[in-house]
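# Structure at a glance
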Amino acid sequence: GENIKFDGQTAPLYLEGGHYAVNLEGISFGGRLLDIDKKLLWRSDATHTGGAIIDSGSSVSFLQSIAYYKLEETILDFIGDKMERSDDISSEGVLRLCFKGNLYRDFQDFPLVTFHFENEATLNLGVESLFTLLQPNLTCLNVVDAYLKDLDHSLLGVRLQQYHYVSFDVQN
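From a predicted model like this one, the values you see are computed outputs, not experimental measurements. (Residues numbered from 1 in each chain as written. Predicted model: local features only at pLDDT ≥ 70, side-chain atom pairs only at ≥ 80, totals over all residues. Heavy atoms only, no water.)

All right, on to the overall build of the protein chain then. Per the secondary structure count, the protein chain includes 4 helices and 16 strands. When the 172 residues of the protein chain are sorted by exposure, 44% land in the buried category. Restricting to contacts in the protein chain with at least 6 residues of sequence separation, those with at least 24 account for 69%. Carbon and sulfur atoms provide 48% of the accessible area of the protein chain, an area that totals close to 9600 Å². (Helix = DSSP H or I, 4+ residues; strand = E, 2+ residues; numbered from the N terminus. Buried < 20%, exposed > 50% of the residue type's maximum accessible area, 1.4 Å probe, protein only. Contact = heavy atoms within 4.5 Å. Areas by Shrake-Rupley, 256 points an atom, 1.4 Å probe, with all protein chains shown as cover.)

Laid out in structure tokens, this is it:
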């Protein structure tokens, strides 16, 4: 309706193939920005690739390879030898990074991960948004490489969006 007020941060919204997308500019881990060229993440008007589609129909999120592997490397460096790695197949049928450990016991010191978008908008992701406890001692990352699903863009699934209010102002 009319007179709806949007509070919080805003980022430009792009309509891409019937989906709403935003420009991801970077990712930080524990306050440190990962070395990812934002031009590689941005949406291209010419090729209709890149950007990050906001999708409430997918539980797992997909990041473009350059961003995914930087995030995975940083997570693996942080966890080190504290937990054993153990991969699992997601409900979307792709291999995802898992650890033999309990989300609520073994990830207490896991740092905040922040996705940075156009217009300085941010999405702060705590451990319960980033990981899911699949079994009592199996915790898996809710993000996979977009290349594994032949995606030429990132896709932000519902688990990354949980605990956040996402509004779309499609008229402006």
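Let us now look at the nonpolar core. Ranked by size, the top nonpolar core spans 34 residues in total, and within it Ile27, Leu63, Ile75, Phe107, Phe110, Phe115 and Phe131 carry the most contacts. Listing elements by their share of this core, those giving two or more residues are β3 (24-29), β5 (52-54), α1 (65-79), β11 (113-117), β12 (122-125) and α3 (127-130). At 5 residues, the largest contribution of residues to this core is made by α1. In this structure phenylalanine 110 touches Phe29, Ile75, Phe78, Ile79, Val127, Leu130 and Phe131, once residues within four positions along its chain are discounted. One finds Phe62, Val94, Val144 and Leu155 within the second-largest nonpolar core, a separate group that totals 6 residues. (Core = buried A, V, L, I, M, F, W, Y, C linked by side-chain atoms within 4.5 Å.)

Within a sheet, adjacent strands bond to each other through the backbone by hydrogen bonds, running parallel or antiparallel. With respect to topology, 4 strands assemble into an open sheet ordered β7-β10-β14-β13, the strand pairing being antiparallel. Looking at strand neighbours, the two that pair on one side only are β7 (84-85) and β13 (131-135), the edges of this open sheet. Note: β13 against strand β14 (residues 138-141), 4 bridges, orientation antiparallel. Bridging across to β14, phenylalanine 131 finds its partner in leucine 141. Contacts between α1 and the sheet are confined to β7, β10 (98-100), β13 and β14, with β10 contributing the most and set at about 15° to the helix. (Pairing = 2+ DSSP bridges. Axes fitted to C-alpha atoms, helices over the stretch in contact; angles between N-to-C directions.)

Glancing now at the packing of aromatic side chains. Across all of its chains, the model carries 8 aromatic pairs by this definition. Here phenylalanine 78 and phenylalanine 110 contribute two aromatic rings whose centre-to-centre distance is 5.4 Å and whose plane-to-plane angle is 80°, an arrangement assigned as edge-to-face. Placement of the pair is phenylalanine 78 in helix α1 and phenylalanine 110 in the loop between α2 (103-106) and β11, with a sequence separation of 32 residues. Both rings, one in phenylalanine 107 and one in phenylalanine 110, keep their centres 6.2 Å apart while their planes meet at 50°; by these two values the pair is tilted. (Phe/Tyr/Trp six-rings, centres within 6.5 Å; stacked < 30°, edge-to-face > 60°.)

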